Amino acid sequence: MELKNVFPLAARTGRHMQRYNFLGHRQVVGCIPYRYRSPGGQSMVGEEDIEVLVITAQRKGKGMMFPKGGWEVDESIEEAALRETVEEAGVVGDVEHKLGKWSFNSKNRDTLYEGHMFPLLVKEQLEFWPEKDIRQRKWLSVREARIVCGCWWMKEALELLVNRVSSPGNEATTQVVNLVRAGSLALVANA
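In the nomenclature of an unreviewed UniProt entry, the protein chain is known as Nudix hydrolase-like protein 21 of Perilla frutescens var. hirtella. For the record of the protein chain, the UniProt heading Sequence similarities (unreviewed entry) holds the text "Belongs to the Nudix hydrolase family."

Rendered as structure tokens:
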């Protein structure tokens, strides 16, 4: 009997292992799980050629989102992104190059967070996963995901993913946008 892709059936809990940035903001990481509608169709794709996986928020009635959670001190950022995606959405795949970093307020607006998002090209959808009983998952078109996702920063990450997937040569453009957003690069337009 072969055991492949064995994942724990219990999600990590607690904040004692959480990472915080130099400003004291909790660092969270997540993925936008995606797949191509037609097998092998990765050349010349548009947003209509991909689907993304959204999950319900933990609290009922709080909408849909992409999987995300705390980045812990004993893991790399990519390991944390994959772990959160397995725990919350029950999918496994390839974590790709980071889409970006965002600062956002908590639900009750009293705490700032630093969020990092990655694309995850889904290779396997698990039948059982740690948060199966508290979350639902649903594959949607990009257009549908824009409507149901309640987090502005996740919608921005989705746009960066769509741009990257539909224009594979635009990786450099995405990196410049991220540098400008981070304040590491200033663009000056000629008047």
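There is more to say, and it comes next.
Chemist: Any chance you could break down the overall build of the protein chain for me, citing the residues and the numbers?
Modeler: Tallying secondary structure elements over the protein chain gives four helices and eight strands in all. Every one of the 191 residues in the protein chain was classed for burial, and the buried ones make up 43%. Sequence-distant contacts in the protein chain: of pairs separated by 6 or more residues, those separated by 24 or more amount to 68%. Carbon and sulfur atoms form 52% of the exposed surface of the protein chain, whose accessible area is close to 11000 Å².

Chemist: So, the pattern of salt bridges: which residues are in play, and what are the values?
Modeler: Overall, the coordinates contain 10 salt bridges when judged by the stated rule. Residue Glu87 is joined to Arg83 by a salt bridge in which the shortest nitrogen-to-oxygen separation is 3.3 Å. Here Arg83 and Glu87 lie together in helix 1 (residues 77-89), a separation of four residues that amounts to about one turn. Given a relative accessible area of 6%, Glu87 falls into the buried group. The partner of Arg135 in a salt bridge is Glu88, and the shortest N-O contact between them spans 3.3 Å. With Arg135 in the loop between strand 7 (112-125) and strand 8 (137-141) and Glu88 in helix 1, this pair connects stretches of sequence that are 47 residues apart. Arg135 gets classed as buried once you look at its relative accessible area, which sits at 7%. A single salt-bridge network, built from bridges that share partners, covers Glu75, Arg83, Glu84 and Glu87.

Chemist: Summarise the packing of aromatic side chains; cite the residues concerned and give the values.
Modeler: Any pair of aromatic rings gets described here by the distance separating the centres and the angle formed by the planes. Evaluation of the coordinates by the stated rule reveals four aromatic pairs. With a centroid separation of 6.3 Å and 45 degrees between ring planes, the pair formed by Trp102 and Trp153 is classed as tilted. In this pair, Trp102 sits in strand 6 (residues 100-105) while Trp153 sits in helix 3 (residues 152-166), placing the two residues 51 residues apart along the sequence. The residues Trp102 and Trp153 share a single accessibility class, namely buried. Centroid distance Phe104 to Tyr113: 5.5 Å. Interplanar angle 15 degrees. Geometry classified as stacked. Both residues of the pair, Phe104 and Tyr113, belong to the buried class. Through successive ring pairs, a cluster of aromatic residues spans Trp102, Phe104, Tyr113 and Trp153. A cation sits over an aromatic face here: Arg35 above Trp139, 3.9 Å from the ring centre.

Chemist: Summarise the environment of Gln125; cite the residues concerned and give the values.
Modeler: When you line up the elements, Gln125 lands in strand 7. On the basis of relative accessible area, Gln125 is assigned to the partly exposed category, the value being 39%. For Gln125 and Val91, which are 34 residues apart along the polypeptide, the C-alpha to C-alpha distance reads 4.5 Å. In terms of polar contacts, Gln125 uses its side chain to reach the side chain of Trp139, at 2.7 Å.

Chemist: An account of the environment of Gly63 is requested, with residue identities and associated values reported.
Modeler: The topology assignment puts Gly63 in the loop between strand 2 (50-56) and strand 3 (64-65). Expressed as a C-alpha distance, the spacing of Gly63 and Cys149, which sit 86 residues apart in the sequence, is 6.8 Å. Apart from residues lying up to four places away in sequence, Gly63 is in contact with Ile55, Thr56 and Ala57.

What counts as what
Residues numbered from 1 in each chain as written. Predicted model: local features only at pLDDT ≥ 70, side-chain atom pairs only at ≥ 80, totals over all residues. Heavy atoms only, no water. UniProt positions renumbered as here; feature names shortened; annotations may be inferred. Helix = DSSP H or I, 4+ residues; strand = E, 2+ residues; numbered from the N terminus. Buried < 20%, exposed > 50% of the residue type's maximum accessible area, 1.4 Å probe, protein only. Contact = heavy atoms within 4.5 Å. Areas by Shrake-Rupley, 256 points an atom, 1.4 Å probe, with all protein chains shown as cover. Salt bridge = Lys/Arg side-chain N within 4 Å of Asp/Glu carboxyl O. Phe/Tyr/Trp six-rings, centres within 6.5 Å; stacked < 30°, edge-to-face > 60°. Lys NZ or Arg CZ within 6 Å of the ring centre and 35° of its normal. Polar contact = N/O pair within 3.5 Å; in protein donor to acceptor, adjacent residues only side chain to side chain.

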